[in-house]
Amino acid sequence: MGGTSNEHKLLCFRFYRAVRDHEPVQTLEDMRKLEIFHWEEGSRQLTYTPSEALLYAIVHDHQAYAQYLLNQFSDDALAMPGENFRCCTSSAPHLSMAIRYNRKDIMALILHVAHRMPTLRSYVNRRGCNHLEDGKTPLHLACELSHSETVIMLLGSGASPQAEDQDDMTPLDLILVKLRTSKVNIGAKKLCIERLLMFMPEVRFKMKSSLKNDPQYWSKVLGEETFNYLVGRIPGTLFLIAMQRTLAQLPAQNFFKSLDELPIPAFLKPVTQPLMQS
C-alpha cells in the first residue's frame, strides 16, 4: 500500500477510532496489519506494532483485543512502543497505563504474561520514565493513586514494597505524603498502607523521622497502633506476623488462587479485610 503522510495519519486515526468503538478483534488486526510505504524512507511499516495497539486497547478498555494481543504476541505486545508513544525509555508502560486508567482486568492479563515469560521476570519492579514518572515502579504509581485493589494485585505478583524512586521514596512514603497533603480518600490511602505492611517484614521508609517528629498528628491520622508500629515502638501483632510469613510463601504466578485456598476464614484474607483497624 502506498501513500502520503496525510493518508498514513488518516489510517492511524481510523484504527484509533475502531479500538475506541470496540470493533471486533479481527477487524482491528486487519487494520493494524496494513502496510504503509514511506516514499521518503523507501521502506514499509505497519500502522501500529502490537505494543502500540495494546496501549490503545488499555486506554479504551478493549479487553478482548488486549487479551488477543497478549496471547498472540506476548513479548512483542509488552515491548517498548515507538518514540511517538513515549518521551524516553520507560520500564513498564503498559502496566503503568493500566494502573492509571484502573483497568484491573487487563492488568491481570499483563501480569499473567509477565510471569509466563522468562524475559519479563523483573517487569513488575521496573522503574518508570524519569521525566514523566520520576522513576516510580508500578507499585509506587498504584499507591500514589490510592488504588488499594491494584496494590494487592501488584504485591501478590511480586512487586517490592521497598523499591525506591529517583527521590529515594518507597511506595509507603508516597502514601504518607498524600495523607499529609490531601484529606481526600483517607480510607483508601490507609488501606494501601495496611496491604503494604503485609508484605514488609522489615519496615524501612524515608519518612520515619517525620512521623517521629510529629507524633500527635500522625497517631491521629494513622491510629495509635499503626503509628507506633511504623516508628518502631511496638512489634507487629501476631496476626500481622503470621500473615507476612504466610503470604511470603505463596507463589506470585498463582497468588490469588493460593490465597483463596488458604484454610482461614474469608474475612481474614487481605483482599477483603484491612490488617489494622485504627
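Residues numbered from 1 in each chain as written. Predicted model: local features only at pLDDT ≥ 70, side-chain atom pairs only at ≥ 80, totals over all residues. Heavy atoms only, no water.

**Here we look at the overall build of the chain**
Applicable threshold: Every helix listed is a DSSP run of H or I at least four residues long, and every strand listed is a run of E at least two residues long, numbered separately from the N terminus. For every residue, the accessible area (1.4 Å probe, protein chains only) is compared with the maximum for its type, and the residue is labelled buried under 20%, exposed over 50%, or partly exposed between those bounds. Note on contacts: a residue pair qualifies if any of its non-hydrogen atoms lie within 4.5 Å across the two residues. Areas reported as accessible are Shrake-Rupley estimates using a 1.4 Å probe. Residue values count occlusion only from the protein chains shown.
For the chain, the helix and strand inventory stands at 15 helices and 2 strands. Here the chain holds 278 residues, and 49% of them are scored as buried. Considering only residue pairs separated by 6 or more positions, the chain has 64% of its internal contacts joining residues 24 or more positions apart. As displayed, the chain has an accessible area near 13900 Å², and 50% of this comes from carbon and sulfur atoms.

**Observations regarding the packing of aromatic side chains**
In plain terms, the rule: Any two of the Phe, Tyr and Trp rings considered here, Trp counted by its six-membered ring, make a pair once their centres fall within 6.5 Å; the pair's planes then place it as stacked at under 30 degrees, edge-to-face at over 60, or tilted in between.
Inspection of the entire model under this criterion finds 9 aromatic pairs. With 6.0 Å between their ring centres and 50° between their planes, F199 and F255 make a pair best called tilted. Here F199, found in the loop between helix 10 (186-197) and helix 11 (208-213), pairs with F255, found in helix 15 (residues 255-260); they are 56 residues apart in sequence, far enough to count as distant. Relative to W218, the ring of Y217 has its centre 5.1 Å away and its plane inclined at 85°; by these criteria the two rings are edge-to-face.

**A short note on the confidence of the model for the chain**
The following threshold applies: Known as pLDDT, the predictor's per-residue confidence is scaled from 0 to 100.
Looking at the chain, pLDDT values average 87 and 86% of them are 70 or higher. Note on residues 272-278: pLDDT under 50 across the span, and 21 contacts to partners over four residues away in sequence or across chains.

**Looking at the UniProt feature "repeat: ANK" (unreviewed entry) in the chain**
Applied cut-off: UniProt positions are given in the numbering used here, feature names are shortened, and annotations may be inferred rather than shown by experiment.
Here the UniProt feature "repeat: ANK" (unreviewed entry) sits at residues 134-166. As annotated, residues 134-166 has a helix share of 48% and a strand share of 0%, and its two end C-alpha atoms lie 6 Å apart.

**Focus on the packing of helix 4 (residues 63-73) against helix 6 (residues 104-116)**
Where we set the bar: Think of each axis as a best-fit line through the C-alpha atoms, taken over the contacting stretch in the case of a helix, with angles from 0 to 180 degrees between the N-to-C directions. For classification, angles of less than 35 degrees are called roughly parallel, those exceeding 145 degrees roughly antiparallel, those between 65 and 115 degrees roughly perpendicular, and all remaining angles oblique. Amino acids outside the nonpolar list (Ala, Val, Leu, Ile, Met, Phe, Trp, Tyr, Cys, Pro) and the charged list (Asp, Glu, Lys, Arg) are all regarded as polar, and Gly is one of them.
At a minimum axis distance of 10 Å, the contact between helix 4 and helix 6 shows a crossing angle of 5°. Judged on the interaxial angle alone, helix 6 and helix 4 are roughly parallel. Together, Q63, A66, Q67, L70 and N71 of helix 4 and D105, I106, L109, I110, V113 and R116 of helix 6 make up the contact between the two elements. Here the contact of helix 4 with helix 6 is composed, by residue class, of 6 nonpolar, 3 polar and 2 charged.

**Section: a nonpolar patch on the surface**
Note the cut-off: Patch definition: residues above 30% relative accessible area lacking any salt bridge, with like charges linked at up to 9 Å and the nonpolar side chains Val, Leu, Ile, Met, Phe, Trp and Tyr linked at up to 5 Å. By salt bridge we mean one thing: a side-chain nitrogen of Lys or Arg within 4 Å of a carboxyl oxygen of Asp or Glu.
On the surface, a cluster of nonpolar side chains totalling about 270 Å² of accessible area is made up of L10, F13 and Y16. Looking at the secondary structure, you find F13 in helix 1 (residues 5-20). For F13, a relative accessible area of 43% translates into the label partly exposed.

**Some details on the pattern of salt bridges**
Oppositely charged side chains can pair when the atoms bearing their charge come close. By the definition in use, this model includes 7 salt bridges. For D214, the salt bridge goes to R180, with nearest N and O atoms at 2.9 Å. Linking D214 in the loop between helix 11 and helix 12 (215-222) with R180 in helix 9 (residues 171-181), this pair joins segments that are 34 residues apart in sequence. Owing to a relative accessible area of 39%, R180 belongs among the partly exposed residues under this scheme. We note a salt bridge from K257 to E261, for which the minimum N-O separation is 2.8 Å. Accessibility expressed as a relative area gives 52% for K257, which makes it exposed.

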